[in-house]
Amino acid sequence: GLRHKESFTQTFESLGGKVTAAEMFNADIETDFRAYLTKIENTNPDGIFIAFSAPAIIINQIRELGIKVPILGERGLQHQQTLEVAGKNAEGLIYTYPGDPKLTTPAQESFISAYQAKYGKEPHLVVMQAYDALKILTLSLNACKDRDFASVCLADFIAHISEFDSARGKIA
């Protein structure tokens, strides 16, 4: 939403990039993004960055309009459903993904194996992030239980985590 737009714009432009257009929409009711995409296309962008967790319909509409710039985004682009719905239009997508999925750790392998055994599919990044967050919360609560779970203790514990072996690999 708005925070993604502001954060991306600020970071991208601080690194020397130029955002030529940024459009907001209501994801709860809108399904036709062609007017937004046409406005974006008219600014002659070098690429289109999508900050939306279900981007397949936007990807398809970009290609239906004949827009040939690279499509970039975040974790929603790597979701299997996105790839299935977008089909051939998903070819060449560029997205961020924290960590290297080829560099696994014992904790990561254990989590993925257990998840696949229970659900019959690979875990999505959001699932791994949620698991990691709950694991960190559990560790911090356990570390601070003798201090009545003081917020200072919890914040200090989390701030000093290093070499955390997570469902997504090592986090430092």
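For the structure itself, look to the data block above.
Residues numbered from 1 in each chain as written. Predicted model: local features only at pLDDT ≥ 70, side-chain atom pairs only at ≥ 80, totals over all residues. Heavy atoms only, no water.

Q: Is there a simple way to explain a nonpolar patch on the surface in this structure?
A: A cluster of nonpolar side chains, contributed by Leu134, Leu137, Leu141 and Phe149, occupies part of the molecular surface with about 360 Å² of accessible area. Position of Leu141 relative to the elements: it lies in helix H6 (residues 125-144). (Patch = residues over 30% accessible without salt bridge, like charges linked within 9 Å, V, L, I, M, F, W, Y side chains within 5 Å. Areas by Shrake-Rupley, 256 points an atom, 1.4 Å probe, with all protein chains shown as cover. Salt bridge = Lys/Arg side-chain N within 4 Å of Asp/Glu carboxyl O. Helix = DSSP H or I, 4+ residues; strand = E, 2+ residues; numbered from the N terminus.)

Q: I keep staring at the state of the cysteines and nothing clicks. Help me out?
A: In protein chemistry, a disulfide is the covalent bond that joins the sulfur atoms of two cysteines. According to the stated counting rule, one finds one disulfide in the structure shown. Note on cysteine connectivity: Cys144 is disulfide-linked to Cys153, with sulfurs 2.1 Å apart. Residues Cys144 and Cys153 are joined through a disulfide that is left-handed, its torsion about the S-S bond being -85°. The burial state of Cys144 is the same as that of Cys153; both residues are buried. (Disulfide = S-S within 2.5 Å. Buried < 20%, exposed > 50% of the residue type's maximum accessible area, 1.4 Å probe, protein only.)

Q: Got a minute to help me understand helix H3 (residues 56-64) in this structure?
A: Within H3, burial applies to Ala56, Ile58, Ile59, Asn60, Gln61 and Ile62. Summarising the contacts, the buried residues of H3 are in contact with helix H2 (34-41), strand S1 (48-50), strand S2 (71-73) and helix H4 (80-86). With its phi angle positive at about 80°, Gly66 sits one or two positions after the end of H3. (Contact = heavy atoms within 4.5 Å.)

Q: When you look at the packing of aromatic side chains in this model, what are you seeing that I'm missing?
A: In this description, an aromatic ring pair is defined by two values, namely the gap between the centres and the angle between the planes. If you walk through the whole model with that rule in mind, you get seven aromatic pairs. Arranged with centres 5.2 Å apart and planes meeting at 15°, the rings of Phe8 and Phe12 form a pair that is stacked. Linking Phe8 with Phe12, this pair stays in helix H1 (residues 2-14), spanning four residues, or about one helical turn. Judged by its relative accessible area of 34%, Phe12 falls in the partly exposed class. (Phe/Tyr/Trp six-rings, centres within 6.5 Å; stacked < 30°, edge-to-face > 60°.)

Q: Can you walk me through the sheet that holds S1 in this structure?
A: Strands belonging to one sheet form pairs held by backbone hydrogen bonds; the direction of such a pair is parallel or antiparallel. Pairing is parallel across the open sheet formed by three strands, whose spatial order is S1-S2-S3. A single partner strand is all that each edge strand has here, and the edge strands are S1 and strand S3 (94-95). Across the face of the sheet, H3 comes into contact with S1 and S2 while running at roughly 160° to S1. (Pairing = 2+ DSSP bridges. Axes fitted to C-alpha atoms, helices over the stretch in contact; angles between N-to-C directions.)

Q: Please explain the packing of H6 against helix H7 (residues 151-159) as it appears in this structure.
A: Between H6 and H7, the shortest axis-to-axis distance is 9 Å and the interhelical angle comes to 125°. With respect to H7, the element H6 is oriented oblique. In terms of crossing hand, the pair formed by H6 and H7 is right-handed. Contacts between H6 and H7 involve Ile136, Leu139, Ser140, Leu141, Ala143 and Cys144 from the former and Cys153, Leu154, Phe157 and Ile158 from the latter. Partitioning the contact of H6 with H7 into residue classes produces nine nonpolar, one polar and no charged. (Parallel < 35°, antiparallel > 145°, perpendicular 65-115°, else oblique. Left-handed = near helix turned anticlockwise from the far one by under 90°. Nonpolar A, V, L, I, M, F, W, Y, C, P; charged D, E, K, R; others polar.)

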